[in-house]
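Architecture at a glance
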Amino acid sequence: MAALRFVRSVLKSFQAESGLEPRLFGENIRVTAAEPGRVDFELDIKKEHTNRLDIIHGGTIASMVDLGGSLAVASRGLFATGVSTDLNVTYLNSGGQVGDVLKAVVKCDKFGKTLAYTSIQFTNAKGEIAARGSHTKYVALAWKHPQNIVEELSPHRK
């Protein structure tokens, strides 16, 4: 439960402090589950998330890869989630249209003192894999943030 509460607080900070997330996602994105190293979240697809074909825009999904990577890092206890060094998206099926919910599961595959590596998979309303991605974050400076709870969320904690 501590991971879920913490990840939601980091998402709330993104929504309050960032220029992109509150404008792109607004109140349409939510974290549904979190444990150290894994976060489940979803987006209610609205018109502003779509392209001219009326399906979710690839840029919206790419932004979700970016945000998801940050949330996966947060699930390991870092409040300041670092900066991107690499981001990749592969689109496999349509992510959906207005009114659909796009679901995402993101994992922190490796969490070090300098870099964190994350991977994400998106599932559309039909249950198909819509896209998958990866996101590498430089986290060396993030370790200094006073709101970190890394020890509390350590998977090795007894």
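Residues numbered from 1 in each chain as written. Predicted model: local features only at pLDDT ≥ 70, side-chain atom pairs only at ≥ 80, totals over all residues. Heavy atoms only, no water.

1. Focus: the sheet that holds strand S2 (residues 38–44)
- In space, the six strands of this open sheet follow the order S1-S2-S4-S5-S6-S3, with antiparallel pairing throughout. Edge positions in the sheet fall to strand S1 (29–35) and strand S3 (83–91), since each has one partner strand and no second. Neighbour-to-neighbour, the strand axes of the sheet open up by a mean angle of 20°, direction not taken into account.
- Sheet topology note: the S3/strand S6 (residues 129–138) ladder contains eight bridges and is antiparallel. From the neighbouring strand, Tyr91 faces S6, where its bridge partner is Ala131. (Pairing = 2+ DSSP bridges. Helix = DSSP H or I, 4+ residues; strand = E, 2+ residues; numbered from the N terminus. Axes fitted to C-alpha atoms, helices over the stretch in contact; angles between N-to-C directions.)

2. A word on the pattern of salt bridges
- Counted by the stated rule, this structure contains five salt bridges.
- A salt bridge links Arg30 to Glu42; its shortest N-O distance comes to 3.0 Å. In this pair, Arg30 is assigned in strand S1 and Glu42 in strand S2, connecting sequence segments 12 residues apart.
- When its relative accessible area of 28% is taken as the criterion, Arg30 is described as partly exposed.
- The class of Glu42 is buried, set by a relative accessible area of 13%.
- Note that Arg30 is salt-bridged to Asp44, the shortest N-O span being 2.7 Å. One end of the pair, Arg30, is in strand S1; the other, Asp44, is in strand S2, and 14 residues separate them in sequence.
- Because the salt bridges share partners, they merge into one network encompassing Arg30, Glu42, Asp44 and Lys103. (Salt bridge = Lys/Arg side-chain N within 4 Å of Asp/Glu carboxyl O. Buried < 20%, exposed > 50% of the residue type's maximum accessible area, 1.4 Å probe, protein only.)

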